[in-house]
Amino acid sequence: MWFLAGSERIIVVMTEREMFPPGLISSPADVMVAIWNEDSVGDSIALARVLRDAGLRVDLYPDVDKVGKQFKYASSRGIPFVAVIGDDERERGEVAIKDLRSGEQMNVKRERVASALLTDLEAHQ
(Lines give C-alpha, C1' and ligand atoms only; values in the text may rest on other atoms or scores of the structure.)
Protein backbone atom coordinates (compact mmCIF):
# COMPACT_ATOMS: atom_id res chain seq x y z
CA MET A 1 0.00 0.00 0.00
CA TRP A 2 2.84 2.39 0.72
CA PHE A 3 4.09 1.94 -2.81
CA LEU A 4 0.74 2.95 -4.28
CA ALA A 5 0.42 6.02 -2.08
CA GLY A 6 4.00 7.01 -2.87
CA SER A 7 3.60 6.52 -6.60
CA GLU A 8 0.44 8.65 -6.66
CA ARG A 9 2.33 11.47 -4.93
CA ILE A 10 5.18 11.14 -7.46
CA ILE A 11 2.66 11.43 -10.31
CA VAL A 12 1.19 14.57 -8.70
CA VAL A 13 4.63 16.18 -8.43
CA MET A 14 5.63 15.17 -11.96
CA THR A 15 2.37 16.58 -13.34
CA GLU A 16 2.77 19.85 -11.44
CA ARG A 17 6.31 20.22 -12.82
CA GLU A 18 5.10 19.33 -16.34
CA MET A 19 7.53 16.43 -16.59
CA PHE A 20 5.30 14.25 -18.81
CA PRO A 21 5.54 14.53 -22.61
CA PRO A 22 2.58 16.49 -24.10
CA GLY A 23 1.43 13.51 -26.19
CA LEU A 24 1.07 11.43 -23.05
CA ILE A 25 -1.28 13.83 -21.32
CA SER A 26 -4.97 13.23 -21.79
CA SER A 27 -7.92 13.55 -19.50
CA PRO A 28 -7.69 10.48 -17.30
CA ALA A 29 -10.92 11.26 -15.48
CA ASP A 30 -14.28 12.96 -15.79
CA VAL A 31 -14.08 14.40 -12.28
CA MET A 32 -11.54 14.76 -9.53
CA VAL A 33 -12.69 14.56 -5.94
CA ALA A 34 -10.75 17.02 -3.79
CA ILE A 35 -9.89 16.49 -0.15
CA TRP A 36 -10.94 19.52 1.90
CA ASN A 37 -9.17 18.61 5.15
CA GLU A 38 -8.22 15.65 7.34
CA ASP A 39 -11.79 15.36 8.65
CA SER A 40 -13.26 15.05 5.15
CA VAL A 41 -11.05 12.25 3.79
CA GLY A 42 -13.72 9.60 4.44
CA ASP A 43 -16.41 11.71 2.75
CA SER A 44 -14.17 12.24 -0.28
CA ILE A 45 -13.41 8.53 -0.61
CA ALA A 46 -17.12 7.66 -0.28
CA LEU A 47 -18.06 10.24 -2.93
CA ALA A 48 -15.41 8.90 -5.31
CA ARG A 49 -16.85 5.40 -4.87
CA VAL A 50 -20.42 6.58 -5.58
CA LEU A 51 -19.30 8.43 -8.71
CA ARG A 52 -17.33 5.41 -9.96
CA ASP A 53 -20.33 3.16 -9.34
CA ALA A 54 -22.37 5.52 -11.55
CA GLY A 55 -19.91 4.95 -14.41
CA LEU A 56 -17.79 8.08 -14.11
CA ARG A 57 -14.01 8.03 -14.40
CA VAL A 58 -12.89 9.46 -11.06
CA ASP A 59 -9.55 10.69 -9.76
CA LEU A 60 -9.22 11.16 -6.00
CA TYR A 61 -6.57 13.69 -5.04
CA PRO A 62 -4.00 11.69 -3.07
CA ASP A 63 -3.31 14.14 -0.27
CA VAL A 64 -4.74 16.84 1.97
CA ASP A 65 -3.56 20.00 0.25
CA LYS A 66 -4.63 23.56 -0.50
CA VAL A 67 -7.76 23.51 -2.63
CA GLY A 68 -6.21 25.87 -5.17
CA LYS A 69 -3.34 23.45 -5.69
CA GLN A 70 -5.84 20.62 -6.18
CA PHE A 71 -7.71 22.66 -8.82
CA LYS A 72 -4.43 23.40 -10.57
CA TYR A 73 -3.56 19.70 -10.58
CA ALA A 74 -6.95 18.76 -12.08
CA SER A 75 -6.64 21.48 -14.69
CA SER A 76 -3.14 20.37 -15.68
CA ARG A 77 -4.47 16.85 -16.25
CA GLY A 78 -7.41 18.07 -18.35
CA ILE A 79 -10.03 16.94 -15.85
CA PRO A 80 -13.14 19.03 -16.50
CA PHE A 81 -14.75 18.89 -13.02
CA VAL A 82 -13.64 19.03 -9.41
CA ALA A 83 -15.98 17.89 -6.64
CA VAL A 84 -15.45 19.37 -3.18
CA ILE A 85 -17.16 18.56 0.10
CA GLY A 86 -16.24 21.49 2.31
CA ASP A 87 -17.53 22.05 5.82
CA ASP A 88 -20.58 24.03 4.63
CA GLU A 89 -21.41 21.50 1.91
CA ARG A 90 -21.13 18.60 4.36
CA GLU A 91 -23.51 20.35 6.75
CA ARG A 92 -26.09 20.90 3.96
CA GLY A 93 -25.67 17.43 2.37
CA GLU A 94 -24.25 18.96 -0.80
CA VAL A 95 -21.21 18.79 -3.03
CA ALA A 96 -19.63 21.81 -4.72
CA ILE A 97 -18.90 21.07 -8.38
CA LYS A 98 -16.43 23.34 -10.14
CA ASP A 99 -16.45 23.24 -13.94
CA LEU A 100 -12.83 23.98 -14.84
CA ARG A 101 -13.76 24.64 -18.47
CA SER A 102 -16.12 27.52 -17.71
CA GLY A 103 -15.07 28.45 -14.18
CA GLU A 104 -18.65 28.09 -12.98
CA GLN A 105 -19.42 26.45 -9.67
CA MET A 106 -22.68 24.92 -8.48
CA ASN A 107 -23.79 23.11 -5.37
CA VAL A 108 -25.68 19.86 -5.84
CA LYS A 109 -27.34 17.57 -3.32
CA ARG A 110 -25.11 14.54 -2.73
CA GLU A 111 -27.66 12.08 -4.10
CA ARG A 112 -27.80 14.04 -7.39
CA VAL A 113 -24.08 14.61 -8.00
CA ALA A 114 -23.51 11.65 -10.33
CA SER A 115 -26.55 12.39 -12.50
CA ALA A 116 -25.66 16.11 -12.69
CA LEU A 117 -22.12 15.31 -13.83
CA LEU A 118 -23.27 12.68 -16.33
CA THR A 119 -25.81 15.12 -17.80
CA ASP A 120 -23.19 17.87 -18.17
CA LEU A 121 -20.63 15.52 -19.72
CA GLU A 122 -23.17 14.21 -22.24
CA ALA A 123 -24.14 17.78 -23.17
CA HIS A 124 -20.52 18.64 -24.01
CA GLN A 125 -19.72 15.61 -26.16
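Residues numbered from 1 in each chain as written. Predicted model: local features only at pLDDT ≥ 70, side-chain atom pairs only at ≥ 80, totals over all residues. Heavy atoms only, no water.

Points about the overall build of the chain
And step 1. The helix and strand inventory of the chain stands at five helices and five strands.
And step 2. Taken from N to C terminus, the helices and strands of the chain fall in the order α-β-α-β-α-β-α-β-β-α.
And step 3. Counting all 125 residues of the chain, 37% fall into the buried class.
And step 4. Here the analysis covers contacts within the chain between residues at least 6 apart in sequence; of these, 57% occur between residues at least 24 apart.
And step 5. Here the chain has roughly 7500 Å² of accessible surface; of this, 54% comes from carbon and sulfur atoms. (Helix = DSSP H or I, 4+ residues; strand = E, 2+ residues; numbered from the N terminus. Buried < 20%, exposed > 50% of the residue type's maximum accessible area, 1.4 Å probe, protein only. Contact = heavy atoms within 4.5 Å. Areas by Shrake-Rupley, 256 points an atom, 1.4 Å probe, with all protein chains shown as cover.)

Observations concerning the packing of aromatic side chains
And step 1. The final tally for this structure, using the stated rule, is one aromatic pair.
And step 2. Above the plane of the ring of Phe71 lies Lys98, whose end atom (NZ or CZ) is 6.0 Å from the centre. (Phe/Tyr/Trp six-rings, centres within 6.5 Å; stacked < 30°, edge-to-face > 60°. Lys NZ or Arg CZ within 6 Å of the ring centre and 35° of its normal.)

Focus on the sheet that holds strand 1 (residues 31-33)
And step 1. One open sheet holds the five strands; their spatial order is 2-1-3-4-5, and the pairing between them is mixed. With partners counted over all chains shown, the strands left at the sheet margins are strand 2 (58-60) and strand 5 (105-109), one partner each. The mean inter-strand angle of the sheet, taken between neighbouring strand axes irrespective of direction, is 25 degrees.
And step 2. Here three bridges tie strand 1 to strand 3 (residues 81-84), and the two strands are oriented parallel to one another. Across the sheet, Val31 pairs through a bridge with Phe81, a residue of strand 3.
And step 3. Across the sheet, helix 2 (residues 41-53) lies against strand 1, strand 2, strand 3 and strand 4 (94-99), angled at about 170 degrees from strand 2, the strand it touches most.
And step 4. Packed on one face of the sheet, helix 5 (residues 113-123) meets strand 1, strand 3, strand 4 and strand 5 and runs near 20 degrees to strand 4. (Pairing = 2+ DSSP bridges. Axes fitted to C-alpha atoms, helices over the stretch in contact; angles between N-to-C directions.)

A short note on the nonpolar core
And step 1. Of all hydrophobic cores here, the largest spans 18 residues; its most connected members are Leu47, Leu51, Ile97, Val113 and Leu117.
And step 2. At the level of secondary structure, the elements contributing two or more residues to this core comprise strand 1, helix 2, strand 3, strand 4 and helix 5.
And step 3. Of all the elements, helix 5 adds the most residues to this core, at five residues.
And step 4. Contact partners of Leu117, with chain neighbours within four places excluded, come to Val31, Leu51, Leu56, Phe81 and Ile97. (Core = buried A, V, L, I, M, F, W, Y, C linked by side-chain atoms within 4.5 Å.)

Section: the environment of Ser102
And step 1. Considering the arrangement of structural elements, one finds Ser102 in the loop between strand 4 and strand 5.
And step 2. A residue is classified by how much of its surface remains accessible, and Ser102, at 43% relative accessible area, is partly exposed.
And step 3. It is 9.9 Å that separates the C-alpha atoms of Ser102 and Phe81, two residues lying 21 residues apart in sequence.
And step 4. From its side chain, Ser102 meets the backbone nitrogen of Glu104 in a polar contact 3.2 Å long. (Polar contact = N/O pair within 3.5 Å; in protein donor to acceptor, adjacent residues only side chain to side chain.)

Description of helix 3 (residues 67-76)
And step 1. What helix 3 keeps buried is the set Val67, Gln70, Tyr73 and Ala74. One side of helix 3 holds all its buried residues, which, seen down the axis, span an arc of 115 degrees.
And step 2. Count one or two residues on from helix 3 and you reach Gly78, which has phi positive near 75 degrees. (Arc of directions from axis to C-beta.)

Keep in mind that these numbers describe shape and distance, not what the molecule does.
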